[in-house]
Amino acid sequence: MLQIATGDPRPISKQIVDAVRMKIATAELEPGDQLPSVRGLAQQLTVNPNTVAKAYAELTAEGWVESRQGLGLYVAPPRQRLSDAERSRRLDEAIQRFLHDVIALDFAPDEVQARLHHEFLALAPRKSA
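Residues numbered from 1 in each chain as written. Predicted model: local features only at pLDDT ≥ 70, side-chain atom pairs only at ≥ 80, totals over all residues. Heavy atoms only, no water.

Draft legend 1. Main features of the packing of aromatic side chains. Within this structure, the stated rule accounts for 0 aromatic pairs. In this arrangement the basic side chain of Arg-68 is found over the ring face of Tyr-74, its NZ or CZ atom lying 4.0 Å from the centre. (Phe/Tyr/Trp six-rings, centres within 6.5 Å; stacked < 30°, edge-to-face > 60°. Lys NZ or Arg CZ within 6 Å of the ring centre and 35° of its normal.)

Draft legend 2. Region of the structure containing the domain arrangement of the protein chain. Structurally, the protein chain comprises domain 1 (12–75) and domain 2 (84–123). Averaged C-alpha coordinates put domain 1 and domain 2 at centres separated by 26 Å. (Domains from an automatic or database assignment.)

Draft legend 3. Spotlight on helix H1 (residues 12–25). Here H1 spans 20 Å end to end across 14 residues, near enough to the 20 Å set by a 1.5 Å rise per residue. Ser-13, Gln-15, Ile-16, Val-17, Ala-19, Val-20, Arg-21, Lys-23 and Ile-24 are the residues of H1 that are buried. Contact partners of the buried residues in H1: helix H2 (38–45), helix H3 (49–61), strand S1 (65–68) and strand S2 (72–75). Immediately beyond the C-terminal end of H1, within one or two residues, lies Ala-27, with a positive phi of roughly 65°. (Helix = DSSP H or I, 4+ residues; strand = E, 2+ residues; numbered from the N terminus. Expected span 1.5 Å × (residues − 1). Buried < 20%, exposed > 50% of the residue type's maximum accessible area, 1.4 Å probe, protein only. Contact = heavy atoms within 4.5 Å.)

Draft legend 4. Seen up close, the pattern of salt bridges. If you walk through the whole model with that rule in mind, you get 13 salt bridges. In this structure, the salt-bridge partner of Glu-62 is Arg-21, at a minimum N-O distance of 2.7 Å. Separated by 41 residues along the polypeptide, Glu-62 in the loop between H3 and S1 and Arg-21 in helix H1 bring together distant segments of the chain. Using a relative accessible area of 19% as the deciding quantity, one classes Glu-62 as buried. Relative accessible area serves as the criterion here: at 17%, Arg-21 is assigned to the buried category. When the shortest N-O distance is used, the salt bridge between Glu-86 and Arg-89 registers 2.6 Å. Of this pair, Glu-86 and Arg-89 both sit in helix H4 (residues 84–103), 3 residues apart, which is roughly one turn of that helix. A relative accessible area of 21% places Glu-86 in the partly exposed class. One network of salt bridges, in which partners are shared, links Asp-8, Arg-10, Lys-14, Asp-18, Arg-21, Glu-58 and Glu-62. (Salt bridge = Lys/Arg side-chain N within 4 Å of Asp/Glu carboxyl O.)

Here is the structure:
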C-alpha cells in the first residue's frame, strides 16, 4: 500500500503521513476505506510500530482518518480540514520550498511550469475516476 524511501530526508512518520494524504487526495483511498493496522503497516514497511502510530495520530488529528472503536482506522469523509488562511499559508510555504530546491537545477521557468502541469494532469484521472 505505502512505500518509504530510506534516502528521503523526511522522517519516516512524515513519509507515511504524506503518502496517505496523497492517496486520499487522488482518490486511491476513498472515504470509508480501512487503513492497515499499526502493527500490520509497521511489519509491511519494516519500521517501528510507534512510527506508524505517530503518523496515524497526525492523520487523525488533521481529520484525514477517523478511528472506529475496536474496528481500526478509516478514511474520513471529505471536509475542509484547514481554514482558507492556513491552506494559503501552507501553499506559500510549499512553493517557497519547491523554488529553493528547483532554482539550483537551472531549468527555465516555463519548463518547470510545463512539468508541474503535466504532473497535475497525471494525477487528475485518478482523482476523477
